[in-house]
Amino acid sequence: MSKPQIITLQETQEELNVLFKKSSIHLRPRIKMLQLMYQSIFSIDDLAVGVGVSRNSIAKWKRNYKNGGIESLLE
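Residues numbered from 1 in each chain as written. Predicted model: local features only at pLDDT ≥ 70, side-chain atom pairs only at ≥ 80, totals over all residues. Heavy atoms only, no water.

**Some points on the overall build of the chain**
Alright, step 1. Of the regular secondary structure elements, the chain holds four helices and zero strands.
Alright, step 2. Taken over C-alpha atoms, the radius of gyration comes to 11 Å for the chain, in line with the 11 Å a tight globule of 75 residues would show.
Alright, step 3. Evaluated residue by residue, the chain yields a buried proportion of 36% over its 75 residues.
Alright, step 4. In the chain, the share of contacts with a sequence separation of at least 24, taken over all contacts with a separation of at least 6, comes to 51%.
Alright, step 5. In the form shown here, the chain has an accessible surface area of approximately 5000 Å², with 51% of it arising from carbon and sulfur atoms.
Alright, step 6. Here the chain carries 11 positive and 7 negative side-chain charges, and the mean point of each set is 5 Å from the other. (Helix = DSSP H or I, 4+ residues; strand = E, 2+ residues; numbered from the N terminus. Rg over C-alpha atoms; globule rule 2.2 N^0.38 Å. Buried < 20%, exposed > 50% of the residue type's maximum accessible area, 1.4 Å probe, protein only. Contact = heavy atoms within 4.5 Å. Areas by Shrake-Rupley, 256 points an atom, 1.4 Å probe, with all protein chains shown as cover. Lys, Arg positive; Asp, Glu negative; His and termini not counted. Charge placed at Lys NZ, Arg CZ, Asp CG, Glu CD.)

**A closer look at the pattern of salt bridges**
Alright, step 1. Per the stated rule, a full pass over the model turns up one salt bridge.
Alright, step 2. Among the ionic pairs, arginine 55 bridges to aspartate 45, the shortest N-O distance being 2.3 Å. Of the two residues, arginine 55 sits in helix α4 (residues 55-73) while aspartate 45 sits in helix α3 (residues 44-51), which places them 10 residues apart along the sequence.
Alright, step 3. For arginine 55, a relative accessible area of 46% gives the class partly exposed.
Alright, step 4. The partly exposed category is assigned to aspartate 45, whose relative accessible area is 31%. (Salt bridge = Lys/Arg side-chain N within 4 Å of Asp/Glu carboxyl O.)

**Section: unusual backbone geometry**
Alright, step 1. The phi dihedral of serine 40 falls on the positive side, at around 65 degrees, and the residue is not glycine.
Alright, step 2. Inspection of the secondary structure puts serine 40 in the loop between α2 (28-38) and α3.

**Quick word on the side chain of arginine 30**
Alright, step 1. Position of arginine 30 relative to the elements: it lies in helix α2.
Alright, step 2. The charged side chain of arginine 30 is buried without a salt bridge, its nearest counter-charge being glutamate 75 at 7.9 Å.
Alright, step 3. Once you skip the residues sitting within four places of it in the chain, arginine 30 turns out to touch Trp61, Leu73, Leu74 and Glu75.

In C-alpha cells:
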C-alpha cells in the first residue's frame, strides 16, 4: 500500500464550513473530504469511508484539487 498523499489546503476550516452550508447537496461530499483532511485524514480509504463515496471518487477529487484548487474540485 502506498503512503497517503498529503495535500496542502488553501482554504481555512471556517471558509470550508461556510462553503459547505451554501453548496448544493451533490457538492457537499467534496467539501466534506477537505474538512476531513483538516483532521489529518489523508488516506483514500479513510476519506472514502468518512465521506461515504467510492475510493475512485476520492482519488479523482484529490487530483482535481491538487491540480486546480477548489474551483477545479467543485466543477
